[in-house]
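The chain contents come next:
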Amino acid sequence: MNAKKNQYFYVSIIILFLLIVQTILVYLFPKNPIDVYVNLWLHTTGILGQLMAIITNIASPIIAIFITISIAVAFSFNRLDRYLVFAKLFGAIFLAISMKYIFHRARPENQIIIDHGFSYPSIHTVTAVVLSLTFYKIFKEKTDHTISIRFLCVTWIILVMISRISLGNHYLTDTIGGLLLAGFWLSFCNYIIAIKSINLQA
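Residues numbered from 1 in each chain as written. Predicted model: local features only at pLDDT ≥ 70, side-chain atom pairs only at ≥ 80, totals over all residues. Heavy atoms only, no water.

## A look at the pattern of salt bridges
Side chains that carry opposite charge are capable of pairing whenever their charged atoms lie near each other. Tallied over the entire structure, the rule returns five salt bridges. Here Arg105 and Asp35 are joined by a salt bridge, their closest N and O atoms 2.8 Å apart. Note that Arg105 is positioned in the loop between α5 (79-103) and α6 (123-139) and Asp35 in helix α2 (residues 33-42), a separation of 70 residues in sequence. Summarising the burial analysis for this pair, Arg105 and Asp35 share the class buried. (Salt bridge = Lys/Arg side-chain N within 4 Å of Asp/Glu carboxyl O. Helix = DSSP H or I, 4+ residues; strand = E, 2+ residues; numbered from the N terminus. Buried < 20%, exposed > 50% of the residue type's maximum accessible area, 1.4 Å probe, protein only.)

Structure representation (structure tokens):
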């Protein structure tokens, strides 16, 4: 357990450092060339655009919250685990919303599906990460196809990130910011849980 605690601690520190560095760069250069280029390059219309719209609608925070809670209630028999899932989910969303209102980054100007509010970080990406890891944690112990489940979870996160950029709702750094924020928060929560477990065993 000590090894896991240390692992979560160092992972949290590394991800937090990357998040801080990227956030500073986004604040200083809100319309950097890489973001603008990737936004234009991935901009999608037609049938592929419709597919991206379906993905982004499924990944909307409200639907992701509903699915995450449903999975936790239906498959997690430990009440504490359910509360932890809720804390991870709503804590990550709260942090993402707070960052949006702190940095006030404007959304791209070429939105296909109009999305209001600020751009950085992407809450769709945050909820996609939390949902995917919740799904993975529960089902990896119930099946032998762990690699397949991991692949599906990673693929879903990437598809959500691409859909947000291709529809013009976010820049690349918005989605990476959401990924880093969710990764930091989940690692930090796991670190706190590991500390509590060690104290209970002592």
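## Considering the packing of helix α3 (residues 46-58) against helix α7 (residues 146-166)
Relative placement of two packed helices is described by the angle separating their axes and the distance separating the axes. Across the interface, α3 lies against α7 with an axial gap of 9 Å and an inter-helix angle of 115°. The hand of the α3/α7 crossing is left-handed. Residues Met52, Ile55, Thr56 and Ile58 of α3 form the contact with α7, whose participating residues are Trp156, Leu159, Val160, Ile162, Ser163, Arg164 and Ser166. The class makeup of the residues in the contact of α3 with α7 is seven nonpolar, three polar and one charged. (Axes fitted to C-alpha atoms, helices over the stretch in contact; angles between N-to-C directions. Left-handed = near helix turned anticlockwise from the far one by under 90°. Contact = heavy atoms within 4.5 Å. Nonpolar A, V, L, I, M, F, W, Y, C, P; charged D, E, K, R; others polar.)

## Observations regarding the environment of Ile149
Its location among the elements puts Ile149 in helix α7. Separated by 107 residues in the primary sequence, Ile149 and Leu42 have C-alpha atoms spaced 27 Å apart. Sequence-distant contacts of Ile149, defined by excluding residues within four places in its chain, comprise Phe135, Tyr136, Phe139, Lys140 and Thr143.

## Some remarks on unusual backbone geometry
Cis geometry marks the peptide bond from Tyr120 to Pro121; its omega dihedral reads -5°. Among the structural elements, Pro121 can be located in the loop between α5 and α6. Residue His104 is not a glycine yet carries a positive backbone phi of 55°. Its location among the elements puts His104 in the loop between α5 and α6. Its relative accessible area of 46% is what places His104 among the partly exposed residues.

## Some points on α7
Here α7 contains 21 residues, and its C-alpha end-to-end distance of 30 Å stays within 8% of the 30 Å for a straight helix at 1.5 Å per residue. All of the buried residues in α7 are Ile149, Cys153, Ile157, Val160, Met161, Ser163, Arg164, Ile165 and Ser166. Once α7 finishes, Gly168 follows within two positions and takes phi at roughly 80°, a positive value. (Expected span 1.5 Å × (residues − 1).)

## Some remarks on the environment of Asn39
If you trace the backbone, Asn39 turns up in helix α2. A relative accessible area of 4% means that Asn39 is categorised as buried. Counting along the chain gives 15 residues from Asn39 to Ile24, while the straight-line C-alpha distance between them is 20 Å. Once you skip the residues sitting within four places of it in the chain, Asn39 turns out to touch Pro108, Asn110, Ile165, Gly168, His170 and Tyr171.

Don't take any of this as a statement about function, it's just geometry.
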